[in-house]
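Geometric and topological summary
Listed here are the chains, written in short residue letters.
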Amino acid sequence: MNKSSLKACDVIIFGGGGDLAMRKLLPALYHLDMDGLLAPTTRIIGASRRELTAEEYQTKVRAALDEFVPSSVGDDDTWSRFKERLNYVSVNAQEVSDFSRFNDNGVGDDGRDVVFYLATSPDLFGSICSSLATHGLNQERMRVVLEKPLGRDLVSSRAINTEVMQNFSESQVFRIDHYLGKETVQNLLAIRFGNTLFEPLWDSAHIDNIQITVSETVGVEGRWGYYDKAGALRDMVQNHLVQLLCLVAMEPPSRMDADSVRDEKIKVLKALRPISGANAYNKTVRGQYAKGVVNGKSVQGYFDEEGSNPESRTETFVALRADIDNWRWAGVPFYLRTGKRLGQRYSEIVIQYKAVPHSIFSDESNRQLQRNQLIIRLQPEEKISLTVMNKVPGASEGMNLQPVDLNLSLTEAFQNKRSPEAYERLLLDVMRDDATLFMRYDEVEAAWKWVDGIMEAWKQTSERPKEYASGSWGPAASMALPIKDGKNWHDY
Ligand code: BG6
């Protein structure tokens, strides 16, 4: 990016003292500053109810950087520049008159762009947007970023959207899904549309099934009450996993711009076959973690967590089979799974190709013949690998075959490049008004519509989520899900 084209901007973070701001947003802005990607006069303003001076806020941010960006310690140049940008405004989000403090602090003066990042409860989105508008802070060059959860079903999501859109137009609303900011997710677009190699083989004629796994080792981390109202389907599938599915399955957009990409994603969402009624039994598996051992440490079960209620039926794990009813994907199952307190933290997309149509090898070699797999690993490491069959070297071996990985480790290929955190890329995109990696309202609604069908089917059954030991790979029934179709999960 041409640094001379950096535009000055005001970034206001509602919930500026909260967990997301301290762990993710401010470290991301700090990194952007370190990389010279903030214009010299760009300002960052924390906003929340607490009465704090700018100096007190700066001290709090410094402590967060020490904890979450260890490399910032000792980098005095960046810190002194970053500190100068930091200000704080105390506002009660429900008190309209408080918002005049932004005007008093010159927010948006000199015609600059303004980003209001709403890292608050979604219940406040509507009133914040309306108070901003009352104070003239909804002009075209001003944008709002909405953090998830964007509702808990289609109806509540629509209600939030309607309130926000009374004062901001769609082009000013940036609905964030931090998975879209992950480097390998963007690289998926580069792999698909920057090469001729993959796209001709990207369809039901060549692909047997696709698997998307986001496996976490953490539990609900002291937020039982919050998590229990959501569950894995709302917390992870409705947004992160469905967004990954869209990028894998969409048709090539004509351009890499917001509407071209989002127009293709929405087509996938609309083609998702509804999962409802009895279908939910065959196509989904829910689980709840019991105690067990994760990373060598004993951990407690979902019902031993503070504040838990043993009646809860909220799932901490979900696996499901999705189908996309269009020409490209007819008959190709998409297996999605995600859960907390699983054996390993990793996220990956596996493209499982079909078997060769006819084998020319002897029986023994045939037994060794495996299907090609393209694996796009998002975390812990960022890597793309393609498994291909090879002959084992050696004259005496005959035609001895073995799968070998063609590896593209992004960390190794770009050794001098720091891999940015998802929020860095996304914050930069909001500042430069590029919504390509953000969700449009119709995508959010279509995803909720699909998820609502599954929730409704679960509600109708007396069956509880299945228990799984912490540190395992989820309930046994989730292993059986692809086996019913004659397939297997890819092992990490
Ligand atoms: C969040 C969920 O959106 O994503 C959390 O609310 C989850 O429950 C987190 O832990 C996972 O994100 P990442 O980037 O750590 O995989």
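Numbers given to residues run from 1 along each chain, matching the order in which its sequence is written. With pLDDT at 70 or above as the cut-off, local features in this predicted model cover only qualifying residues; side-chain atom pairs require 80 or more to be listed or tallied, and sums for whole chains, interfaces and linings still use all residues. Side-chain metrics rest on all non-hydrogen atoms present in the structure, leaving aside hydrogens and water.

Moving on, we get to the overall build of the protein chain. Comment: elements are numbered from the N terminus, with helices defined as DSSP H or I runs of at least four residues and strands as E runs of at least two. Across its full length, the protein chain holds 16 helices and 16 strands. Every radius of gyration here is taken over C-alpha atoms, with the globule rule written as 2.2 Å times N^0.38, N being the number of residues. Radius of gyration (C-alpha) of the protein chain: 24 Å, near the 23 Å computed for a compact globule of 492 residues. Across the 492 residues of the protein chain, 55% fall into the buried class. When checking whether two residues touch, look at their non-hydrogen atoms; a contact exists if any pair is within 4.5 Å. Residue pairs in contact within the protein chain that sit at least 24 positions apart in sequence constitute 77% of those at least 6 positions apart. Looking at charge distribution, the protein chain has the averaged site of its 59 positive side-chain charges lying 3 Å from that of its 68 negative ones. Classification of residues uses two cut-offs on accessible area relative to the type maximum, computed with a 1.4 Å probe and protein chains only: under 20% is buried, over 50% is exposed, and between them is partly exposed. For the purpose of charge, His is not counted, nor are the chain termini; Lys and Arg are scored as positive and Asp and Glu as negative. Taken as the charge location is NZ of Lys, CZ of Arg, CG of Asp or CD of Glu.

With omega at 5°, the peptide bond leading from Lys148 into Pro149 counts as cis. The backbone phi angle of Glu221 is positive, close to 50°, even though this residue is not glycine. Tracing the backbone shows Glu221 in the loop between strand E7 (207-215) and helix H8 (224-230). Even without being glycine, Arg341 reaches a positive phi, approximately 55°. Mapped onto the elements of the fold, Arg341 is located in the loop between strand E11 (334-339) and strand E12 (346-353). Residue Arg341 is classed as buried on the basis of its relative accessible area, which comes to 10%.

Moving on to the nonpolar core. Put simply, buried Ala, Val, Leu, Ile, Met, Phe, Trp, Tyr and Cys residues joined by side-chain atoms within 4.5 Å make one nonpolar core. Counting 141 residues, the largest nonpolar core has Phe14, Leu26, Phe102, Phe116 and Phe334 as the members making the most contacts within it. Counting residues per element, this core draws most heavily on helix H9 (residues 232-249), at twelve residues. Apart from residues lying up to four places away in sequence, Phe116 is in contact with Ile12, Phe14, Val107, Leu132, Leu137, Met142, Arg143, Val144 and Val145.

What follows concerns the pattern of salt bridges. Salt-bridge detection follows one rule: a side-chain nitrogen of Lys or Arg within 4 Å of a carboxyl oxygen of Asp or Glu. Going through the model one piece at a time under the given rule, you end up with 40 salt bridges. A salt bridge links Asp19 to Arg23; its shortest N-O distance comes to 3.2 Å. Placement of the pair is Asp19 and Arg23 together in helix H1 (residues 19-34), with a separation of four residues, close to one helical turn. Taking relative accessible area as the criterion, Asp19 reaches 54% and is therefore assigned exposed.

To continue, consider empty space enclosed by the protein. Using a grid of 1 Å spacing that covers the protein atoms alone, one calls a set of points a cavity when a 1.4 Å probe fits there but cannot get out, and a pocket when the set is open and has protein on both sides within 12 Å along at least five of seven lines; lining residues are those with an atom within 4 Å of a point. Grid points are joined across faces, edges and corners, and a volume is the space filled by probe spheres set on the points. Within this structure, the stated rule accounts for three cavities of 30 Å³ or more. Taken as a whole, the largest cavity encloses approximately 90 Å³ of empty space. If you go around the largest cavity, the residues you meet are Lys148, Pro149, Leu150, Ile176, Gln238, Asn239, Val242, Gln243, Met439, Glu443, Val444 and Ala447. Contributing elements (two or more residues each) for the lining of the largest cavity: H9 and helix H15 (441-460). Take the lining of the largest cavity: its biggest share by element is four residues, from H9.

Think of a ball as big as a water molecule: rolled over the atoms, this probe shows where empty space is left. Its volume calculated, the second largest pocket comes out at about 720 Å³. Lining the second largest pocket are 21 residues, and of these Glu183, Lys417, Arg418, Ser419 and Pro420 sit closest to its centre.

With that settled, the discussion passes to the site of the ligand. In these notes, residues near a molecule or strand are those with any non-hydrogen atom within 4 Å of it. Every residue near the ligand is listed here: Lys148, His178, Tyr179, Lys182, Glu216, Arg223, Asp235, Met236, His240, Lys340, Arg345 and Gln379. One of the side-chain N or O atoms of Tyr179 is found 2.5 Å from an oxygen atom in the ligand. Lys340 has a polar side-chain atom sitting 2.9 Å from an oxygen atom of the ligand. Isolated, the ligand exposes 400 Å² of accessible area, and the fraction of that covered by the protein chains is 80%. Along the lines of polarity and charge, the residues of the shell around the ligand split into two nonpolar, three polar and seven charged. What qualifies as a polar contact is a pair of N or O atoms within 3.5 Å, subject to a donor-acceptor requirement within protein and to the restriction that residues adjacent in sequence count only when both atoms come from side chains. Where accessible areas are quoted, they stem from the Shrake-Rupley method and a 1.4 Å probe; at the residue level, only the protein chains shown are allowed to cover. Under this grouping Gly is polar, as are all residues other than the nonpolar Ala, Val, Leu, Ile, Met, Phe, Trp, Tyr, Cys and Pro and the charged Asp, Glu, Lys and Arg.

What follows covers the sheet that holds strand E4 (residues 113-118). The strands making up a sheet associate through hydrogen bonds between their backbones, and the pairing can be parallel or antiparallel. In this analysis, strands are considered paired if DSSP registers two or more bridges between them. Taken in spatial order, the six strands make up an open sheet running E3-E2-E1-E4-E5-E6, and their pairing is parallel. If you trace the sheet from one side to the other, it starts and ends with strand E3 (86-90) and strand E6 (173-175), each paired once. Adjacent strand axes in the sheet meet at a mean angle of 20°, parallel and antiparallel pairs treated alike. Direction of pairing for strand E1 (residues 9-14) relative to E4: parallel, over a ladder of six bridges. Its bridge partner lying in E4, Ile12 is registered against Phe116. Angles here are taken between N-to-C directions and fall from 0 to 180 degrees, while the axes themselves are lines fitted to C-alpha atoms, restricted in helices to the stretch in contact. Each of strand E2 (43-48) and E3 is contacted by helix H3 (residues 76-85), which is oriented at about 30° to E3, the strand it contacts most. Sheet strands touched by helix H6 (residues 154-165): strand E5 (142-146) and E6. Its angle to E6, the strand with the most contacts, is close to 150°.

Another point: the pairing of strand E13 (residues 373-379). Across the seven residues of E13, seven count as buried, placing the element largely inside the fold. Bridge count between E12 and E13: six bridges; the pairing is antiparallel. Bridging across to E13, Val350 finds its partner in Ile375. Pairing of E13 with strand E14 (residues 383-391), which is carried by five bridges, proceeds in the antiparallel orientation. Residue pairing for E14: Leu374 is matched across the bridge by Leu386. In sequence, E13 turns back onto E14 through a hairpin of three residues.

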